[in-house]
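Listed below, chain by chain, are the residues.
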Amino acid sequence: MKYTQLGRTGLKVSRLVLGTMNFGPQTDEAGSHAIMDSALDAGINFFDTANVYGWGENKGRTEEIIGSWFARGRDRRDKVVLATKVYGSMAADGEVWPNHDKLSAVNIRRAVEGSLKRLNTDYIDVYQFHHIDRRTPFEEIWQAVDVLIQQGKILYAGSSNFPGYKIAQANETAARRGSLGLVSEQCLYNLAERRAEMEVIPAAQEYGLGVIPWSPLHGGLLGGVIKKESEGARRTQGRSADALADTSVREQIQAYENLLDKHGLLPGEVALAWLLTRPGVTGPIVGPRTAEQLDSALRAVELELPQEVLTELDAIFPGPGPSPEAFAW
């Protein structure tokens, strides 16, 4: 496994991030434990989750599964850089109650305590804001975060799904308080969705945030979906089926798969390897449901893409271009 610093911090993290959103809803506890064991054995030390994972009536279940894995010992907790998130409501389904969601100091304090209990740990390495809160000022957010850092309950703060201007606003506010500010941004970023290159990634680089792309295969669209469909190995459904209904998207994905066939490369591995070449990227989040999917992701770390392939990928999936030149002079 290869490692890098998380943004401007001294924290070393693996270039693949283990996403756990499937733990509970898609993969049972035993299977989830097996995947985490395999990931740790392969050198993946950066695990990502969120308090709401498990969803619906099972919100928090994913954190509980990780907590039960930590309880099995073998220094698991000490070896893992653990990231979780706060924003969504943790109130029971159908129960509407004030201050049980978003980023008020009250909810941040409540949410941290809940996550610590479910995760069976004394501290969270990277505590991430799952979304922007348009009502809570960053002065209040950082006041709550600074207290938690002083208490040793969290070590760093990160963002997720933030626009560039909010990254700037958050870290300028933190700087005025003498606080460290955001150290990472988790955003939607992949070959087929490159809008983050316009403002989010430049802002992250300017302020020293590590970029953690989620959905690196764009809901399976970049994982060889057309070939699997034609071979009858998998019926296209969900977001991939909706996207492929657009003729222009299908032609783009077909061109992608044809290119990789020509070079003897696997689509899913190339999509991950491409992200690892992008400026500012710490590592993409992979969310394996099976051991085989984890093995495929691990191979991507060692994959060196030829310049010819990188050039052709840019031609198939052109990015938005630099800001502001892409929309101005």
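In this text the structure is predicted, and so the values were computed from the model without any measurement. (Residues numbered from 1 in each chain as written. Predicted model: local features only at pLDDT ≥ 70, side-chain atom pairs only at ≥ 80, totals over all residues. Heavy atoms only, no water.)

Tell me about the sheet that holds strand 9 (residues 210–214), and name the residues and values.
Pairing within the open sheet is parallel, and its eight strands lie in the order 9-8-7-6-5-4-3-10. Whereas interior strands pair on both sides, the edge strands pair on one side only; in this sheet they are strand 9 and strand 10 (285–286). Sheet topology note: the strand 7 (residues 154–160)/strand 8 (residues 182–188) ladder contains three bridges and is parallel. Among the inter-strand pairings, Ser 160 is bridged to a residue of strand 8, identified as Gln 186. (Pairing = 2+ DSSP bridges. Helix = DSSP H or I, 4+ residues; strand = E, 2+ residues; numbered from the N terminus.)

Residue-level account of the nonpolar core, with values.
Counting 81 residues, the largest nonpolar core has Ile 108, Phe 129, Trp 142, Ile 253, Tyr 256 and Leu 313 as the members making the most contacts within it. Counting twelve residues, the second-largest nonpolar core is a separate cluster that includes Leu 6, Phe 46, Val 81 and Ile 285. (Core = buried A, V, L, I, M, F, W, Y, C linked by side-chain atoms within 4.5 Å. Buried < 20%, exposed > 50% of the residue type's maximum accessible area, 1.4 Å probe, protein only.)

Can you lay out the packing of helix 1 (residues 29–41) against helix 2 (residues 61–70) for me, pointing to particular residues and giving the numbers?
Remark: helix 1 packs on helix 2, axes separated minimally by 10 Å, with the N-to-C direction vectors making an angle of 60°. If you check the angle between helix 1 and helix 2, you find them oblique. With respect to the hand of their crossing, helix 1 and helix 2 are arranged in right-handed fashion. In this structure, helix 1 contributes Glu 29, Ser 32, His 33, Met 36, Asp 37 and Leu 40 to the contact, and helix 2 contributes Arg 61, Ile 65, Ile 66, Ser 68 and Trp 69. Per-class residue counts for the contact of helix 1 with helix 2 are five nonpolar, three polar and three charged. (Axes fitted to C-alpha atoms, helices over the stretch in contact; angles between N-to-C directions. Parallel < 35°, antiparallel > 145°, perpendicular 65-115°, else oblique. Left-handed = near helix turned anticlockwise from the far one by under 90°. Contact = heavy atoms within 4.5 Å. Nonpolar A, V, L, I, M, F, W, Y, C, P; charged D, E, K, R; others polar.)

Explain the side chain of Asp 125 to me, using residue names and the numbers behind them.
Here Asp 125 lies in strand 6 (residues 124–129). Within the local environment of Asp 125, its side chain forms a polar contact with the side chain of Arg 77, the two groups lying 2.9 Å apart. Apart from residues no more than four positions distant in its own chain, Asp 125 is found in contact with Arg 77, Val 80, Val 81, Leu 82, Leu 155 and Tyr 156. (Polar contact = N/O pair within 3.5 Å; in protein donor to acceptor, adjacent residues only side chain to side chain.)

If you had to explain the packing of helix 11 (residues 267–276) against helix 12 (residues 291–302) to someone new, which residues and values would you point to?
For the pair helix 11 and helix 12, the least separation of the axes is 8 Å and the interaxial angle reads 45°. Classified by the angle their axes make, helix 11 and helix 12 are oblique. For the crossing formed where helix 11 meets helix 12, the hand is right-handed. Contact residues: Glu 269, Leu 272, Ala 273 and Leu 276 in helix 11; Ser 296, Ala 297, Arg 299, Ala 300 and Val 301 in helix 12. Along the lines of polarity and charge, the residues of the contact of helix 11 with helix 12 split into six nonpolar, one polar and two charged.

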